[in-house]
Amino acid sequence: MNRLTSHNCNLNIWDHLPDAVWDKVSDLYQSMPGWRGFTDGIPYWFGKEEDEVYITASVEPSGLSFYAQMNQDDWLLWIETFKSEATKVLGFDVGEPEDGFI
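Please read all numbers here as calculations on a predicted model, not as lab measurements.

**Side note on the pairing of strand β2 (residues 35–39)**
Turning to step 1, where the next piece is worked out: Where β2 meets strand β3 (residues 42–45), four bridges bridge the pair, whose relative direction is antiparallel. Opposite T39, over in β3, you have I42 as the bridge partner.

Structural data, given as structure tokens:
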């Protein structure tokens, strides 16, 4: 099924981490499939809010937060790729705090 749905994900990439970590995150953003760039400091993949399919991210007290509108299979593949690549680049296990990733 290719139905578009909304998805949210918070990761254990915290706002208080050093700039060197955030520089690596920014580089990772740009290497991810669908990269469209920053608009007013906000990263986008595949499109923007006015498009049918998009992913965006923001830094929140709860961690790095993603919001997406796309089909579930594409979302799961994309976010799992991001977690895997972030783990490699950042040197710590990246995942959702509610799943025990601190």
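**Comments concerning the pairing of strand β4 (residues 54–60)**
Turning to step 1, where the next piece is worked out: Pairing between β3 and β4: two bridges, direction antiparallel. Bridging from a neighbouring strand, W45 pairs with I55 of β4.
Turning to step 2, where the next piece is worked out: In the sheet, β4 pairs with strand β5 (residues 63–71) via seven bridges, with the strands oriented antiparallel. Following the sheet pairing, V59 is matched in β5 by L64.
Turning to step 3, where the next piece is worked out: In textbook terms, the turn of a hairpin is the stretch between consecutive antiparallel strands, and for β4 and β5 this stretch comprises two residues.

**Focus on the nonpolar core**
Turning to step 1, where the next piece is worked out: Within the largest apolar cluster, 25 residues are counted, with the highest numbers of intra-cluster contacts made by I13, Y29, L64, F66, W75, W78 and F82.
Turning to step 2, where the next piece is worked out: If you list the elements that add at least two residues to this core, you get β1 (4–11), α1 (19–31), β4, β5 and α2 (72–90).
Turning to step 3, where the next piece is worked out: Of all the elements, α2 adds the most residues to this core, at six residues.

**A word on α2**
Turning to step 1, where the next piece is worked out: The end-to-end C-alpha separation of α2 is 26 Å, in line with the 27 Å expected for 19 residues at 1.5 Å each.
Turning to step 2, where the next piece is worked out: Where α2 is concerned, the buried positions are W75, W78, I79, F82, K83, A86 and L90. For α2, the arc enclosing every buried residue in end-on projection is 135°, short of the 170-degree limit, so these residues lie on one face. In α2, the exposed positions that point more than 90 degrees away from the buried face belong to D73, L77 and K88.
Turning to step 3, where the next piece is worked out: On the buried face of α2, the contacting elements are β1, α1, β3, β4 and β5.
Turning to step 4, where the next piece is worked out: The N-terminus of α2 is capped by N71, whose side-chain oxygen sits 3.1 Å from the backbone nitrogen of D73.
Turning to step 5, where the next piece is worked out: Once α2 ends, the next one or two residues include G91, with phi positive near 80°.

Criteria and thresholds
- Residues numbered from 1 in each chain as written.
- Predicted model: local features only at pLDDT ≥ 70, side-chain atom pairs only at ≥ 80, totals over all residues.
- Heavy atoms only, no water.
- Pairing = 2+ DSSP bridges.
- Helix = DSSP H or I, 4+ residues; strand = E, 2+ residues; numbered from the N terminus.
- Core = buried A, V, L, I, M, F, W, Y, C linked by side-chain atoms within 4.5 Å.
- Buried < 20%, exposed > 50% of the residue type's maximum accessible area, 1.4 Å probe, protein only.
- Expected span 1.5 Å × (residues − 1).
- Arc of directions from axis to C-beta.
- Contact = heavy atoms within 4.5 Å.
- Polar contact = N/O pair within 3.5 Å; in protein donor to acceptor, adjacent residues only side chain to side chain.

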